[in-house]
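# Geometric and topological summary
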Protein chains: 2
Amino acid sequence: MKPKNSLERVLAVLEVFSEERLEWTPEDLMRELGYSRPTLYRYLKTLKDAGFLMSTRNSGVTLGPKVVEMDYLTRRSDPLVLLGVPYLKQLTAAYSCTAMVLRWYGSKILCVASESSTRNPISSYPRGRPMPLGRGAIARSILALLPRPRLVPLIERNLADLRAVGLGDTADDVLKSLRKVRKAGFCVAYGEVTPGAVGIAAPVVDDRDYPVASVCVTIAGNLVTGAQIDQIGAEVRRVASQISADQASGKP
Amino acid sequence: MKPKNSLERVLAVLEVFSEERLEWTPEDLMRELGYSRPTLYRYLKTLKDAGFLMSTRNSGVTLGPKVVEMDYLTRRSDPLVLLGVPYLKQLTAAYSCTAMVLRWYGSKILCVASESSTRNPISSYPRGRPMPLGRGAIARSILALLPRPRLVPLIERNLADLRAVGLGDTADDVLKSLRKVRKAGFCVAYGEVTPGAVGIAAPVVDDRDYPVASVCVTIAGNLVTGAQIDQIGAEVRRVASQISADQASGKP
DNA sequence: CATCATAATCTCATATTAAGAGATTTTTAT
DNA sequence: ATAAAAATCTCTTAATATGAGATTATGATG
């Protein structure tokens, strides 16, 4: 997993930025990445000139405006966003809720589109914030479709969380639970990510039935009955499979 | 301006994506950038693995999810966003308008934060979309503070637009107009970017009085009188200089 | 399902150029 | 004005990025 060529080494600089560490000094970067002083400064200069990084007043660096510009372009080009948003609007029109499309990439779940019809949306996962793998309907709707060899290590890495939300004590139990999710075609979770919020999610798949995203409706728990949840679930599943089909056929 | 080292050459791949061209085929990239087939594919592989690009179904590439993730981090780290948003909320609470902070970077103006208190905001420039340099209060509020040698080529490149909005016929006339803007400390424009919308903008500067951003209030023209515009202008100027001060002192 | 067309990867010799130690210059703080 | 810290420069050497062409995947089509 260690960067080999100089291309990967430059990009590795951008990898170290995280919610926990939004700003880095050259000194710390040298230590973290093991680059020599001239090399690191060369990299930083290149990345700053391209707008990926910018300097802070304390001679540190942060992510820069080029990122903002590219994200705007992503909003206009990502097929899941373009296809998804109209459906999300349908869902938020029908229910007082937050509706989202979340991408499965690397081993992360990332919100890419979000619509709300409630005054103060309860979701704490806006566009771009990675979601936990071990909690919530979204994660499970995706995990349920992963091939076993890919799935097992992920389960093991998140077993504590998965256990906490009652998916089973052992990895095998979790696998069994996920098989049920797979069969149902959607997944419901009560307050696992946000207290008081019910999550209802269904997977979006590519032409090989591999999961690429999830559609999720988040709604205040005290607003819905069990029957309504089933109804919403069916609708979310419909939307997700619709997006899957649109996507596979190159709709937009 | 041509990329020299391999670092810049990889990053140049990301530069070709624009609102006009959101998807590229390897073939077109080879032609556009002049890279050989193996080299280009090597670059694409690296960028895809890092999540900066992703493949489309027609064997093309688009910007990828890593961009989305980084933008989220940018929203949490950019001092102008962090400092600016509370002020923007003040402004939108006081008037029925859209209030924004826009960065000056490269030779572009980029919205980085935006708040609205109107039902259907009229602004067509959301976060990440570059604004034209020759039109609007925002552009002028920034141009007015640029040192002459930096400014003149920009004026010449945008003279058609600048003339169209009545800034003057020659570059010299434009310079004179900008001097007035500089003196006033804020700038007003009527429907230059969006028909029917009045833009009121003031510059944010660094500790050397170099412009780094602009604060702008956009409001429907039929909602405000001349006197109110002056009042808003004073307030926008106050906010901009407040952000400038906060920023220079490392407030957040 | 075989065949063809297109897309992507591989091989390998060579020239290019990244890298780093250490010195030097520039910037910032006091 | 002076010291401390930050950033850049120089130059040699080893490392590696490059591209022509061949090869292998992948996908489309009848």
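Preceding this section is the structure that the text describes.
Reference entry: report on the structure contained in this document. Every chain's residues receive numbers from 1 upward, in the order its sequence appears when written. To label them, take the chains in the order written and letter them from A, then take the ligands in the order written and number them from 1. Only residues with pLDDT of 70 or above have their local features reported here, since the model is predicted, and side-chain atom pairs are shown and tallied only from 80 upward, although totals for entire chains, interfaces and linings are computed over all residues.

### Some thoughts on the packing of helix α5 (residues 79-94) of chain A against helix α10 (residues 226-248) of chain A
Residues and elements named next belong to chain A. This is how the line gets drawn: Lines are fitted to the C-alpha atoms to define the axes, a helix being fitted only along its stretch in contact, and any angle between axes, read from their N-to-C directions, falls within 0 to 180 degrees. What counts as a helix is a DSSP run of H or I of at least four residues, what counts as a strand is a run of E of at least two, and both are numbered from the N terminus. Note on angle classes: values under 35 degrees are labelled roughly parallel, values over 145 roughly antiparallel, values of 65 to 115 roughly perpendicular, and the remainder oblique. Crossing handedness is read from the near helix: turned anticlockwise from the far helix by less than a right angle, it gives a left-handed crossing, and turned clockwise, a right-handed one. Here, residue contact means that the backbone-derived C-beta atoms of the two residues sit within 7 Å. Residue polarity follows a fixed list, in which Ala, Val, Leu, Ile, Met, Phe, Trp, Tyr, Cys and Pro are nonpolar, Asp, Glu, Lys and Arg are charged, and the others, Gly among them, are polar.
Orientation of α5 relative to α10, taken along the N-to-C sense of each, is 155°, at an axis distance of 10 Å. Here α10 runs roughly antiparallel to α5, going by the angle between their axes. As α5 runs across α10, the sense of the crossing is right-handed. Contact residues: α5 offers Pro 79, Leu 83, Gly 84, Tyr 87 and Leu 91, while α10 offers Glu 235, Val 239, Gln 242, Ile 243, Asp 246 and Gln 247. Residue composition of the contact of α5 with α10, by class: six nonpolar, three polar and two charged.

### Quick look at the relation of the copies chain A and chain B
Applied cut-off: In this comparison the copies share one frame, found by least squares on the C-alpha atoms of residues holding pLDDT of at least 70 in both.
Overlaying chain A with chain B gives an RMSD of 0.1 Å, the required rotation being 180° about an axis along which the chain moves by 0.0 Å. As the rotation angle and translation indicate, the two copies are arranged about a two-fold axis. A shared binding surface is used by both copies, with 100% of the interface residues of chain A retained as interface residues in chain B.

### Focus: the interface of chain A and chain B
Interfaces are often sized by the amount of accessible area the parts lose when they come together. The interface is formed by 37 residues belonging to chain A together with 37 residues belonging to chain B. For the side of chain A that touches chain B, the secondary-structure elements that each account for two or more residues are α1 (6-15), β2 (61-63), α4 (65-77), β3 (98-105) and β4 (108-116) of chain A. By residue number, the principal contributor to the side of chain A that touches chain B is α4(A), which donates eleven residues. Taken together, the residues of the side of chain A that touches chain B sort by class into 18 nonpolar, nine polar and ten charged.

### Overview of the protein's contact with DNA strand D
Spelled out, the test is: In this entry, near means the residue's backbone-placed C-beta atom lies within 6 Å of the molecule or strand.
Not every one of the 16 residues close to DNA strand D is listed here, only the nearest: A:Asn5, A:Pro38, B:Ser6, B:Ser36 and B:Thr39. Among the elements of the structure, α3 (37-49) of chain A together with α1 (6-15) and α3 (37-49) of chain B are those that each provide at least two residues to the surface near DNA strand D. The residue inventory of the surface near DNA strand D, partitioned by class, reads five nonpolar, six polar and five charged.

### Quick look at the environment of B:Val101
Residue and element names in this part refer to chain B. Mapped onto the elements of the fold, Val 101 is located in strand β3 (residues 98-105). For the pair formed by Val 101 and Glu 23, sequence separation is 78 residues and the distance between their alpha carbons is 29 Å. Here Val 101 is in contact with Leu 80, Val 81, Gly 84, Leu 88, Val 112, Ala 113, Ala 213 and Val 215, once residues within four sequence places are set aside.

### Structural notes on the packing of α1(A) against α1(B)
Contact geometry of α1(A) with α1(B) gives a least axis separation of 9 Å together with a crossing angle of 65°. Here α1(A) is positioned roughly perpendicular relative to α1(B), judged by the angle of their axes. Pair α1(A) / α1(B) crosses with right-handed handedness. Within the contact between the two elements, α1(A) uses A:Ser6, A:Leu7 and A:Val10 and α1(B) uses B:Ser6, B:Leu7 and B:Val10. Its residues assigned to classes, the contact of α1(A) with α1(B) shows four nonpolar, two polar and no charged.

### What about the sheet that holds strand β7 (residues 197-205) of chain B?
Residues and elements named next belong to chain B. Here is the rule we go by: Here, strands pair whenever DSSP counts at least two bridges between them.
An order of β5-β4-β3-β8-β7-β6 is seen for the six strands of this open sheet, with the pairing classed as antiparallel. Where the open sheet ends on each side, the last strands, each with one partner, are β5 (130-131) and β6 (187-190). Where strand β4 (residues 108-116) meets β5, two bridges bridge the pair, whose relative direction is antiparallel. By the bridge assignment, Leu 110 is partnered in β5 with Pro 130. Across the sheet, helix α5 (residues 79-94) is in contact with β3, β4 and β8 (211-220); its angle to β4 comes to roughly 50°. Taken strand by strand, helix α10 (residues 226-248) contacts β6, β7 and β8, and its axis lies near 25° from that of β7.

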